[in-house]
Structures are given as C-alpha cells and as structure tokens.
Amino acid sequence: MSAPRVLFLTQSGELGGGERSLLDLAAQWPSEREVMVLADGPFVEALRARDVPTSIEPLGALASVKRESGAPGLGALTDVARLATRVAKAAKPMDVIHANSQKAFVVAAAAGLLARRPVVWHLRDILTTAHFSAANIRAAVMLANARAAAVIANSEATAEAFRAAGGNADLVQVVHNGIPAGRFDAVTVADAANARRALAPGAGCVVAAVSRLAPWKGQHVVIAATQTLPDVHAWIIGAPLFGEDDYAAKLRAQVKGLEVSDRVQLLGERHDVPTLLRAADIVVHSAVDAEPFGRVVVEGMLSRRPVIATSAGGVREIIRDGDTGVLVPPGDPVALAEAIRRVRAMPAALREVMVQRAYDDAVSRFSVEAMVSNVARVLSEAVSGRPRRT
Ligand code: UDP
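Residues numbered from 1 in each chain as written. Predicted model: local features only at pLDDT ≥ 70, side-chain atom pairs only at ≥ 80, totals over all residues. Heavy atoms only, no water.

Participant: How would you sum up the overall build of the protein chain? Please name residues and give values.
Facilitator: For the protein chain, the count of helices and strands is 16 helices and 13 strands. For a compact globule of 390 residues, the expected C-alpha radius of gyration is about 21 Å, and the protein chain comes in at 21 Å, within 12% of that figure. Taken over the C-alpha atoms alone, the protein chain extends approximately 60 × 45 × 40 Å along its principal axes. Evaluated residue by residue, the protein chain yields a buried proportion of 55% over its 390 residues. Contacts in the protein chain between residues far apart in sequence, at least 24 positions, make up 71% of those at least 6 positions apart. Taken as a whole, the protein chain presents about 15900 Å² of accessible surface, with 55% of it coming from carbon and sulfur. Treating the 44 positive side-chain charges of the protein chain as one cloud and the 40 negative ones as another, the clouds have centres 3 Å apart. (Helix = DSSP H or I, 4+ residues; strand = E, 2+ residues; numbered from the N terminus. Rg over C-alpha atoms; globule rule 2.2 N^0.38 Å. Buried < 20%, exposed > 50% of the residue type's maximum accessible area, 1.4 Å probe, protein only. Contact = heavy atoms within 4.5 Å. Areas by Shrake-Rupley, 256 points an atom, 1.4 Å probe, with all protein chains shown as cover. Lys, Arg positive; Asp, Glu negative; His and termini not counted. Charge placed at Lys NZ, Arg CZ, Asp CG, Glu CD.)

Participant: Now, about the sheet that holds strand 6 (residues 148-153): what can you tell me, with residues and values included?
Facilitator: Strand order across the open sheet formed by seven strands is 3-2-1-4-5-6-7, with parallel pairing between neighbours. At either end of the open sheet lies a strand with only one pairing partner, and these are strand 3 (54-56) and strand 7 (172-174). Strand-to-strand twist in this sheet, taken as the mean axis angle between neighbours without regard to direction, amounts to 25°. (Pairing = 2+ DSSP bridges. Axes fitted to C-alpha atoms, helices over the stretch in contact; angles between N-to-C directions.)

Participant: How would you sum up the packing of aromatic side chains? Please name residues and give values.
Facilitator: According to the stated counting rule, one finds four aromatic pairs in the structure shown. Arranged with centres 5.6 Å apart and planes meeting at 85°, the rings of Phe8 and Trp29 form a pair that is edge-to-face. On the criterion of sequence distance, the pair formed by Phe8 in strand 1 (residues 6-10) and Trp29 in the loop between helix 1 (17-27) and strand 2 (33-37) is long-range, its members being 21 residues apart. For the pair Phe8 and Trp29, a shared accessibility class is recorded, and that class is buried. When the ring of Trp121 is compared with that of Phe162, the centres are 6.4 Å apart and the planes differ by 85°; the resulting orientation is edge-to-face. Pair noted here: Trp121 is in strand 5 (residues 119-123) and Phe162 is in helix 6 (residues 156-164), with a separation of 41 residues, a long-range link. (Phe/Tyr/Trp six-rings, centres within 6.5 Å; stacked < 30°, edge-to-face > 60°.)

Participant: How would you summarise the environment of Val210 if you had to cite specific residues and measurements?
Facilitator: Inspection of the secondary structure puts Val210 in strand 8 (residues 205-210). We classify Val210 as buried; its relative accessible area is 13%. Linking Val210 and Leu171, residues 39 residues apart in sequence, is a C-alpha distance of 33 Å. Apart from the residues within four sequence positions on either side, Val210 is in contact with Ile237, Val273, Leu277, Val284 and Val296.

Participant: Pulling in residues and values, what's your account of the domain arrangement of the protein chain?
Facilitator: If you check the domain split of the protein chain, you get domain 1 (6-178 + 367-384) and domain 2 (182-365). In this complex, domain 1 contributes 22 residues to the contact, which on the side of domain 2 involves 16 residues. Between Arg20 and Glu269 there is a salt bridge, and its shortest N-O distance comes to 3.6 Å. Linking domain 1 to domain 2 there are six residue pairs in polar contact (both at pLDDT 80 or more). Of all the elements in the fold, those that place two or more residues in the side of domain 1 that touches domain 2 are helix 1 and helix 6. Of all the elements, helix 1 adds the most residues to the side of domain 1 that touches domain 2, at four residues. (Domains from an automatic or database assignment. Salt bridge = Lys/Arg side-chain N within 4 Å of Asp/Glu carboxyl O. Polar contact = N/O pair within 3.5 Å; in protein donor to acceptor, adjacent residues only side chain to side chain.)

The structure is reproduced here in structure tokens:
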C-alpha cells in the first residue's frame, strides 16, 4: 500500500513537542507532502533544513482566539474562510489533509469541504478543562465528529479524553510518537563529559528536566525537591514558548528565595538535549497535569539514564513503574526527592538493567518508522473511504 500524498497543516511556528513530532513525520513521509504552517518561526526553518516543502500562511485574527476562551468573533471566522480557500488550493494536488493542531483542524475542516479531500485530525492535546474552555472542547469535538475522517491520538490518554468529551470512539486510533534514537546513540562519552565539566563541575549528582517552561510542566516541583537534596544539582532545560514569561520569572525568584542558585541552573532553550541528558545522572519529568504523550520521557530512556516521571496521562503508557523507570505522583516535591534518593541508592547493576530495558523498550515501541507507517495506514484508510473503525 503506497502512502497517500499529504498536506500537513499546523498552527505554530515554535518548536514544541507536537511540531518536533510532525517534523520527523513529514521528513520521513514516503510520498509527496507539503507542510503548511500558520505562523513563521524556528519550526519552519527546521522543516526547510530537512528539505521538507514548506509554506507559511499567517493565521490573522484567528491567532488571538485563546484555547481557554469561547466562540470566535467575526474577524476570526472571516480569517478561517480566507485561509480555508488557500489551504484548499494547496490540498488539491494531495489526497488528504492532516491537521496537526486544533486551530489547524478548524481551518482544515473548511478547506476539506472546498477541496473535497478527507481531513484527519492528529490530536496532541488532552481535551480537559485544565487547558481548554468547555466551549472550546465542545466545538472541537462536534467538528471532529462531523468532519474528521479519522482522529489520530498521540496516546491512549489523549484518546480517552476525546471520547470522554463526546468524541466518536469509532474515529479514534492511537499512534504513539516516534523519537529518532540516532541522535541519542551518537552522543559520545567525551561529549557528555565535556558538557558536565562545563556546566556542573564537581557535582555529586545531576538531574536534568527538559521541557518548555509552563506552570503545568511543573519545573517548580523540581526546584523544590532539589532544595531538600543538598548534593544534587538540577538542570532546568527549556524556555517559555507560548507566552509563559511570568512563570519563568517565578522560577528565577524561587531559585533565589530557596537559596539554591549554586545548584539549580535554568539553562534556557537548548539544541543539545541528547548530550545534556547523557551528561546528567537522572532524567526527571515533572508535569503536574496529565501529559498527552511526553517525548522527553522517551528521550530520557534513549539516553540510557534512569527516568523519574509523573504518573499521569501518556507517561503511564511509556514507563512501566519500577521496570523501565520510576513513576511519582504529580506535583509532589517530597515524593520526587524520595524517588531521586531511591534511584541514587540503587545498586549499579540493577540500575543498569533498568536503563537497558528502558532503552530497548523505547527503541522498539517508539520508533519514527512505526509512527510513519501507522499514520500512513490511518491516512490511507481515510483516502479510500473505508468505513470508520468500530
Ligand atoms: N526540547 C528541546 N530543547 C529545549 C526544550 C525542549 O529540544 O530546550 C525538546 C525536547 O527534547 C522534546 C520536545 O522539545 O523533544 C518537547 O516535547 P514534549 O512532548 O516533552 O513536550 P511538549 O512541548 O510537546 O508539551
């Protein structure tokens, strides 16, 4: 079965996890494809650097409609119509439109009608009121039920929230994200040692937490836990991507207030995550709300470092507690500190077994090849008009 020709449509030009997953998907897509992005930014550069045909169509007034707010105004609706016409034109030479984000799906749904192409929504968010207004969820789910040929959920947790919000269960298929292992395998012992020496010379234990800065990602929990572990250094890696500058300022104040400036480093956005994870002793994931997937958890496994992650959402599908990592309750610095102590106290041979098992598991369950072929299967079914799954 050859893969269909796809117009990938996505909203943000920033390089968040959803965009990084689309980058690998589009770069390795085995058939004709174009990515249309509704904002310029580093994601566009990254696509072009990998020779993916890419275009930009700015969102206009639709950009200011917040996911927490209700119905869009007239300006936003006019922009949907304008954009849909352009997207439909780009979709004509393709077989199917893949919408990688919620706003992209709204535009794609209209464009699909105009171009007479099926639309598949790749859902990468947990649709609950922790992140979206009730009106927003209702509108998105109604639109999906009416217009999506299929909904790809990036985890069972994401699929479950869609169903719980009234989404048609027959539409949904789970495809886990794939992370290329090569970038992690390529890190040498010397690279890691150099990074460690440069950033935390003499540190007894370094924990690394990688994530954009946002209150729900829970970096404050890592800082609070570190304060109670006197010989532990923490690298907080990531920047506020979607306007969470206040939270970044709060984290800086927390570090100062707890007097851990010599042990907690806010490293900002980094492009050498594989090296930093290998240079650390433990990888920590600290989201306080359910993570739709959690690429960084798989990345920790691929780095052959013990991973401590919060037990919620997609993470529970990635880590088997005590077997391929350690799960802790979300938002609990005491439990996190205790887990760090426990992992440090593990006999080296046992830790090695856990880390190797996690690596093997990550390679076999979260490959880019599997992600591409599973998405291709769903898109092919959408194109052939196969009846919705039961
Ligand atoms: N990331 C990065 N540099 C940073 C912070 C994050 O390269 O400074 C990457 C990280 O390695 C991961 C992605 O951004 O691949 C974040 O994806 P995840 O699913 O963990 O979270 P999301 O941003 O989608 O909520």
